[in-house]
Amino acid sequence: MARAIRPGGPWEPNPSLFLGYNQSYEKSKYVVLPVPSDSGSTCLPGARFGPQELISASRFLEPYDPELDFSPADAGIHTLQPLEPVQGDPRSTAERVGRQVAAIYSSNRIPVIVGGDHSITPGAVSALSSELGGDLNLVVLDAHLDLYDEYGGSRFSHACAIRRAAEASRKTVIIGVRSAGIEEITFLRNSSGIQAIWSREIRDGGVDVISEAMRRLPPHPTYLSLDLDVMDPGAMPCVGCPEPGGLDWWETTGVLEAVFRLVDVIAFDLTEFTPCPGSGLSSAYTAAKLLYKMIALSELS
Ligand SMILES: [Mn+2]
């Protein structure tokens, strides 16, 4: 692997490392785990190419965040080799993700998982929940509920991701929803542990709606999962299942700011980035910048 040093040294960005360079695992607080898997996707496939494109685009990011006036990279970010998915078997892939995430967490570092479709999330949530004796909350940003018990003949489809993940969490809040099946709504109405906050509520009530929900959560550590389709297709067209009526950049980062400020996020993921032709660098760069913003907000909290 080519040596890449930044800042203060020769700048030879490596497109397979977040920000183009690696800090040592020992000195890093954040560990990026790329998971190039889309065996659980149902609309447009291709999320397997997401991590590579996002990470490659991240080498163009400025390490300094002018909004927050610090360089989050100073906390140390280490990028692992991509996890090898079990092709056609999202359940086994998720379990593989879970083992790696538990190992990163056990070494007192913050796992940052880059998908891949959303079916990788339950593996991470259930592994961390086991580490914590079940005391884990789950906060999700997603256009969809992903609460199907079974979808397309599989219980491990990305449309079932939060149904499975919520089985391993104490409380679950799903933020930015604007598409749901009647079966999912029925399940949601009968679940005391799961709350949905609709995209329309954020449009009308602003970030206060999120702050209120975060304050009501029991004081357990939280896993944060971001499905990139929570953003409006105008701001982020390259996702597997685009859905109109989503959040713009400022709403998305505003929601994330409230979440990181009010709950203790111990691990997070960004899923469903699905590179699409014609978007040039803009979608990959936006996805990379959003992930870096999550690291920044985590570092500030
Ligand atoms: Mn979704």
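Only a predicted model underlies this, so the values are computations on that prediction, with no experimental measurement involved. Residue numbers run consecutively from 1 along every chain, following the written order of its sequence. The predicted origin of the model limits local features to residues at a pLDDT of at least 70 and limits the giving and counting of side-chain atom pairs to 80 or more, whereas totals for whole chains, interfaces and linings rest on all residues. As a rule here, side-chain values cover all heavy atoms of the structure and leave hydrogens and water aside.

Undergrad: Can you explain the coordination of the manganese ion? Please cite residues and give values.
TA: Donor atoms from the polypeptide that bind the manganese ion are Asp142 (OD), His144 (ND1), Asp227 (OD), Asp229 (OD) and Asp229 (OD), placed at 2.2 to 2.8 Å. Here the coordinating atoms are restricted to nitrogen, oxygen and sulfur within 2.8 Å of the metal centre, or 3.2 Å for Na, K and Ca, and because water is not among them the sites may look incomplete. Mapping the donors of the manganese ion onto the primary sequence yields the spacing D-x1-H-x82-D-x1-D. For Asp142, a relative accessible area of 0% translates into the label buried. Three labels apply to residues, based on accessible area from a 1.4 Å probe with only protein chains included: buried if under 20% of the type maximum, exposed if over 50%, partly exposed otherwise in between. We classify His144 as buried; its relative accessible area is 14%.

Undergrad: Tell me what's going on with the pairing of strand β4 (residues 137-141), and back it up with residues and numbers.
TA: Summarising burial for β4: 5 of the 5 residues are buried, a large majority. Counting from the N terminus, the helices are DSSP H or I runs at least four residues long and the strands are E runs at least two residues long. Taking every second residue as pointing to the same face, both faces of β4 are buried, with Asn137, Val139 and Leu141 on one and Leu138 and Val140 on the other. Of the strand pairs in this sheet, β4 and strand β7 (residues 222-227) are connected by 5 bridges, and their pairing is parallel. Bridged to Leu141 within β7 is Leu226. Pairing analysis gives 4 bridges linking β4 to strand β5 (residues 172-177), with the strands arranged parallel. Each residue of the ladder has a partner; that of Leu141, found in β5, is Ile175. Any two strands are treated as partners once DSSP identifies two or more bridges connecting them.

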